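Here is what each chain is made of, one letter per residue.
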Amino acid sequence: MFQIDRSYIDHISLESIQGQIWDIRTDYKDDPTLPKIENYHITEKAFEEYLEKKQKFEDFKDSWKRYRLLIFCLAFVIPVALFSLFVKSSNMAMYAYASGFLICTIIYLIYMMIEGTKAKKFRNNPYETYIKALLSWKENLHS
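**Overview of the overall build of the chain**
Turning to step 1, where the next piece is worked out: A count of helical and extended segments in the chain gives five helices and zero strands.
Turning to step 2, where the next piece is worked out: Ordered by position in the sequence, the α and β elements of the chain form the string α-α-α-α-α.
Turning to step 3, where the next piece is worked out: By residue count, 29% of the 143 residues in the chain fall in the buried class.
Turning to step 4, where the next piece is worked out: The contacts in the chain between residues at least 6 apart in sequence include a share of 71% that link residues at least 24 apart.
Turning to step 5, where the next piece is worked out: Taken as a whole, the chain presents about 10000 Å² of accessible surface, with 62% of it coming from carbon and sulfur.

Written as structure tokens, this is what we have:
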């Protein structure tokens, strides 16, 4: 049956999706109403790998939220600083601001493309169905 290596789970935050699933599966493993992984045609190892990938994706999105303002500030300030150092024309200030804005826009679009392609992996598959079943089962249990 389902075995858990506590040394592995200790570093997982229980607020994370991976932590929530581990918590449900370990705390209620003897409950007969708990959705069984076999009913979704998923192996334990494949599900663990999927959960790890999903958690890495969630961490990627969280780190973007945490550092995006710093990234945008640097992307905007660096061209302005370079233009002010090397170009002495007063009309060049507009080009400096425009290039900083353009770099910020390009960074944002690249991030959105990366997030979109990574998010496609986590849509409409048996793993997500099983995760939704576990989470809804837990909600119904406490209702």
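Moving on from the coordinates now.
**Side note on the environment of W22**
Turning to step 1, where the next piece is worked out: Tracing the backbone shows W22 in helix α2 (residues 17-27).
Turning to step 2, where the next piece is worked out: Residue W22 is classed as buried on the basis of its relative accessible area of 6%.

**Quick look at the state of the cysteines**
Working definition of a disulfide: a covalent bond connecting the sulfur atoms of two cysteines.
Turning to step 1, where the next piece is worked out: Summed over the entire model, instances satisfying the criterion amount to zero disulfides.
Turning to step 2, where the next piece is worked out: No disulfide involves C73; its nearest neighbouring cysteine sulfur is the one of C104, lying 7.9 Å away.
Turning to step 3, where the next piece is worked out: Exposure remark for C73: the relative accessible area of 47% places this residue in the partly exposed category.
Turning to step 4, where the next piece is worked out: Relative accessible area serves as the criterion here: at 12%, C104 is assigned to the buried category.

What counts and how
- Residues numbered from 1 in each chain as written.
- Predicted model: local features only at pLDDT ≥ 70, side-chain atom pairs only at ≥ 80, totals over all residues.
- Heavy atoms only, no water.
- Helix = DSSP H or I, 4+ residues; strand = E, 2+ residues; numbered from the N terminus.
- Buried < 20%, exposed > 50% of the residue type's maximum accessible area, 1.4 Å probe, protein only.
- Contact = heavy atoms within 4.5 Å.
- Areas by Shrake-Rupley, 256 points an atom, 1.4 Å probe, with all protein chains shown as cover.
- Disulfide = S-S within 2.5 Å.

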